Amino acid sequence: MILIAGDSFSKTCHHLVWHDFIFGRNNKKKFNSALDGAGNYFIGDTINTLIKQNQKIIKKVIILWSQFYRLDLVVDRPINDLHGFVDGKCYQFSGGVPDGSKKWNQLFKPYIKEVGLDKVIENSYLQVKNTIKNLESYNIDFNFGFVYADPLVKKFETHDRFIPIIFNELVKHGSYQGEDGHHPSEQGHKLFAEKITKYIG
């Protein structure tokens, strides 16, 4: 099985996305865990859980990590559509920007105020770092990259499984930009797939 993990830049949508171009749209051996708004907390927990449960059948993992400041909190019930489930837990995603709702503010603002944004970012970085170490210990073929540019990305650039192409930077102009002005168009996904193929083996 091929495991795909990430945020909305990797989620299956109405048109072909990057991993469809590489592995096929209807490949039954591909499992895509990417979700809208997901942060690195959820992405890492999902990978670690699925590897533990399916170690014998997962042969390849490709991860596109999200923004380090995104926060995913375990909640009893979600407050909007930006959430996901893993290992019996419901994660509520802060997403890339605050949605401005009262529920969002009540959930995320007190936590960020208590621990500090720097700690949120540090924990997100550690989730990425530790998940990569776990993948190495399982001896599973994997590659990883990042959707967004960030100074912390440089800490991973020397890793031999690193994909040295920032997705958002590659597709932010012209026909590579989607209708919403943020996500890639199908052409943008195709371009990214062509660029990273040589790195993922």
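The structure we're discussing is the one just above.
An account of the accompanying structure is given in this report. Only a predicted model underlies this, so the values are computations on that prediction, with no experimental measurement involved.

Glancing now at the side chain of D72. In this fold, D72 is placed in strand β4 (residues 72-75). Among buried Asp, Glu, Lys and Arg side chains, D72 stands out as unpaired, with R70 the closest opposite charge at 7.0 Å. In this structure the side chain of D72 is engaged in a polar contact, spanning 3.2 Å, whose partner is the backbone nitrogen of G39. Here the side chain of D72 touches Y41 through a polar contact of 3.4 Å, landing on its backbone nitrogen. Setting aside anything within four residues of it in sequence, one finds D72 in contact with G37, A38, G39, N40, Y41, F42, Y91, Q92, F93 and S94.

Across the sheet, which stays open at both edges, the 4 strands sit in the order β2-β1-β3-β7 with parallel pairing between neighbours. Each edge of the open sheet is held by one strand with a lone partner, namely β2 (30-32) and β7 (141-146). When strand polarity is set aside, the average angle formed by the axes of neighbouring strands in this sheet is 10°. Where strand β1 (residues 2-5) lies against strand β3 (residues 60-65), 4 bridges are found, and the strand directions are parallel. Bridging from a neighbouring strand, I2 pairs with K60 of β3. Running over the sheet, helix α2 (residues 40-54) touches β1, β2 and β3 and is turned about 170° from β3.

Further remarks concern the packing of aromatic side chains. Counted under the stated rule, the structure contains 15 aromatic pairs. Seen from their ring centres, F142 and F144 are 6.4 Å apart, and the 20° between their planes marks the pair as stacked. Both residues of the pair, F142 and F144, belong to the buried class. Here the aromatic rings of F144 and F156 are separated by 6.0 Å at their centres, their planes lie at 80°, and the arrangement is edge-to-face. Taken together, the positions of F144 in strand β7 and F156 in the loop between β7 and α5 (167-170) put the pair 12 residues apart, joining distant regions of the chain. Connected via pairs of aromatic rings, a cluster forms that spans F68, Y125, F142, F144, F146, F156 and F162.

Criteria and cut-off values
Residues numbered from 1 in each chain as written. Predicted model: local features only at pLDDT ≥ 70, side-chain atom pairs only at ≥ 80, totals over all residues. Heavy atoms only, no water. Helix = DSSP H or I, 4+ residues; strand = E, 2+ residues; numbered from the N terminus. Buried < 20%, exposed > 50% of the residue type's maximum accessible area, 1.4 Å probe, protein only. Lys, Arg positive; Asp, Glu negative; His and termini not counted. Salt bridge = Lys/Arg side-chain N within 4 Å of Asp/Glu carboxyl O. Polar contact = N/O pair within 3.5 Å; in protein donor to acceptor, adjacent residues only side chain to side chain. Contact = heavy atoms within 4.5 Å. Pairing = 2+ DSSP bridges. Axes fitted to C-alpha atoms, helices over the stretch in contact; angles between N-to-C directions. Phe/Tyr/Trp six-rings, centres within 6.5 Å; stacked < 30°, edge-to-face > 60°.

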